[in-house]
Amino acid sequence: MQNILVLEDDIQLSDTIKQFLEYSGYMVYPAYDASQAKDILYEQSIDLMLLDVKVPHQNGFEFLQERRDSGDTTPAIFVTSLNAVDDVTQGFDIGCDDYIRKPFALKELLVRVESLIKRHYGTQENYVDLGNSYFFDIKGLFLEKEGKKIALKTKENKLLSLFLKHPNELLTYDAIYEELWDYSESPSQGSLRAYVNTLRNILGKETIETIKHTGYRYVK
C-alpha cells in the first residue's frame, strides 16, 4: 500500500481527499500545516506528497524547496487555487512533478496520483519486474516468484522498496536508517547488513553495491 501525505489546511477538503484516496487503496496521512507535515515525513515512509501552497507556518513552495534541498526526491503534486503562469512555473522550478488547480474532480486527482506513482517506479503495473521471475508489489510491499510470496522481514521489504525508488543512486546509511527504523528504535548497521545480504541472495550479489563507509547502491 502506498503512503500519501496530504498537506491541506482546509479540513473538509482534506477529509474528502483522504476518504477518496483510502477508498482507492492508499494510506493517507493528513497534515494541516507545514510543521505537522514535517513530523509525518520524519515518522512515516511517504511515497507521494499532495501539497497546498497557502498553509500555516511555511507555504507549500518553501516546504517543497526545503525537502528538495535536503535531497528528498519523493514525488510531489501541488493542489492549489493559485493558477497564474508564474505560480505554475515556480512550482515546477522548485521540483514538483505535477500541478492541479482547484477546484478539481476527485477522479482527476486519482488519475494524476496513479500516473505519477507508476512513472516514479518505472512501471505501468502494480508489480515491478526484477528478473528471474521475481516481482515486487509496490502497493502491497511484498516480493513474489511465480505467484508465491517470498518470506521477507518487514524492513527487508521496506529496504527493497527504497532501492526501487532510487535505482542507481547512492543511499547513505543515515538515509536508509531514517526510512527503515522508527524514531523510537535504534538503527543497527549489523541488521542492515543482514537485510542487504538477504536481498542479494535472492536477486543476485551484483544488484546491490556496497559503497565503503557510506552506504549502498541498487544497480538497475
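Structure shown above.
Residue indices begin from 1 for each chain and proceed along its sequence in written order. Given that this is a predicted model, residues contribute local features only at a pLDDT of at least 70 and side-chain atom pairs are listed and counted only at 80 or more, while totals for whole chains, interfaces and linings are drawn from all residues. Each side-chain value is worked out from all heavy atoms of the structure, with water and hydrogens disregarded.

S.K.: Hey, could you go over the packing of aromatic side chains for me, with residue numbers and the actual values?
M.R.: Within 6.5 Å between ring centres, the rings of Phe, Tyr and Trp (the latter by its six-membered ring) count as paired, and their orientation is classed by plane angle as stacked under 30 degrees, edge-to-face over 60, tilted in between. Counted according to the given criterion, the structure contains eight aromatic pairs. Ring geometry for Phe-163 and Tyr-218: centres 6.0 Å apart, planes at 20°, overall stacked. Separated by 55 residues along the polypeptide, Phe-163 in helix H6 (residues 154-165) and Tyr-218 in strand S12 (residues 215-218) bring together distant segments of the chain. The exposure class of Tyr-218 is buried, given its relative accessible area of 8%. Ring-pair connections join several aromatic residues into one group, and the members of that group are Tyr-173, Tyr-177, Trp-181, Tyr-195 and Tyr-216. Throughout this description, the term charge over a ring refers to an Arg CZ or Lys NZ atom that lies within 6 Å of the ring centre and within 35 degrees of the ring normal. A cation sits over an aromatic face here: Lys-149 above Phe-142, 4.3 Å from the ring centre. We count a stretch as a helix when DSSP gives it H or I for four or more residues in a row; a strand needs E for two or more, and each element gets its number in order from the N terminus. Each residue's exposure class comes from its accessible area (1.4 Å probe, protein chains only) as a fraction of the maximum for that residue type: buried when under 20%, exposed when over 50%, partly exposed otherwise.

S.K.: Give me the lowdown on the pairing of strand S11 (residues 208-211), citing residues and values where you can.
M.R.: Note: S11 against S12, four bridges, orientation antiparallel. The residue of S12 that forms the bridge with Ile-208 is Tyr-218. Two strands pair under a simple rule: DSSP has to find at least two bridges between them.

S.K.: Give a description of the packing of helix H7 (residues 173-180) against helix H8 (residues 189-203) that names residues and reports values.
M.R.: All axes here are fitted lines through C-alpha atoms, helices being fitted over the stretch that makes contact, and every angle between N-to-C directions spans 0 to 180 degrees. For the pair H7 and H8, interaxial distance at closest approach is 12 Å and the crossing angle is 85°. Judged on the interaxial angle alone, H8 and H7 are roughly perpendicular. For the pair H7 and H8, contact is made by Tyr-173, Ile-176, Tyr-177 and Leu-180 and by Gln-189, Leu-192 and Tyr-195, respectively. When residue character is reported, Ala, Val, Leu, Ile, Met, Phe, Trp, Tyr, Cys and Pro are called nonpolar, Asp, Glu, Lys and Arg charged, and the others, Gly included, polar. The residue makeup of the contact of H7 with H8, split by class, is six nonpolar, one polar and no charged. By definition in this entry, angles of less than 35 degrees are roughly parallel, angles greater than 145 are roughly antiparallel, angles of 65 to 115 are roughly perpendicular, and the rest are oblique. The contact definition used throughout considers only heavy atoms, calling two residues in contact when any of these lie within 4.5 Å.

S.K.: Just give me the short version of helix H4 (residues 85-94), but keep the residues and values in it.
M.R.: Considered for burial, the residues of H4 that qualify are Asp-87, Val-88, Gly-91 and Ile-94. Within H4, the buried residues cover an arc of 130° as seen down the axis, which keeps them to one side. With respect to the buried face of H4, the exposed residues turned more than 90 degrees away are Val-85, Asp-86 and Asp-93. In the core, the buried residues of H4 are packed alongside helix H3 (60-69), strand S4 (76-80) and strand S5 (98-101). Positive phi shows up at Gly-95, right after H4, with a value of about 130°. The arc refers to the directions leading from the helix axis to the C-beta atoms.

S.K.: Hey, could you go over the sheet that holds strand S10 (residues 170-172) for me, with residue numbers and the actual values?
M.R.: One open sheet accounts for three strands, arranged S10-S12-S11; its pairing is antiparallel. In this open sheet, the two strands that pair with only one neighbour each are S10 and S11. Across the sheet, the mean angle separating the axes of adjacent strands is 30° when strand polarity is ignored. The strands that H8 touches are S11 and S12; relative to S11, the one it contacts most, it runs at about 150°.

S.K.: Describe the environment of Ile-117, naming the residues involved and giving the relevant values.
M.R.: Tracing the backbone through its elements, the reader meets Ile-117 in helix H5 (residues 106-121). With 54 residues separating them in the primary sequence, Ile-117 and Leu-171 have C-alpha atoms 20 Å apart.

S.K.: I'd like a rundown of the pairing of strand S6 (residues 127-131), residues and numbers included.
M.R.: Two faces make up the sheet, and in a regular strand the side chains alternate between them. Sheet analysis places S6 next to strand S7 (residues 134-137), joined by four bridges and oriented antiparallel. Pairing of Tyr-127 across the sheet is with Asp-137, part of S7. The loop that links S6 with its antiparallel partner S7 comprises two residues; one of these, Asn-132, has a positive phi angle of about 55°.

S.K.: Help me get a handle on the side chain of Glu-156, residues and values and all.
M.R.: Relative to the helices and strands, Glu-156 resides in helix H6. We call two N or O atoms a polar contact when they sit within 3.5 Å, provided that within protein one can donate a hydrogen and the other can accept it, with sequence-adjacent residues counted only if both atoms are side-chain atoms. In this structure the side chain of Glu-156 is engaged in a polar contact, spanning 2.8 Å, whose partner is the backbone nitrogen of Lys-153. Apart from the residues within four sequence positions on either side, Glu-156 is in contact with Tyr-195, Thr-198 and Leu-199.

S.K.: I'd like to hear about the sheet that holds S5, residue by residue, with values.
M.R.: Ordered by their spatial adjacency, five strands build an open sheet running S2-S1-S3-S4-S5, and the pairing between neighbours is parallel. The outermost strands of the open sheet, each flanked by one partner alone, are strand S2 (27-31) and S5. On average, each strand axis in the sheet is tilted by 20° relative to the strand beside it, whichever way the strands run.

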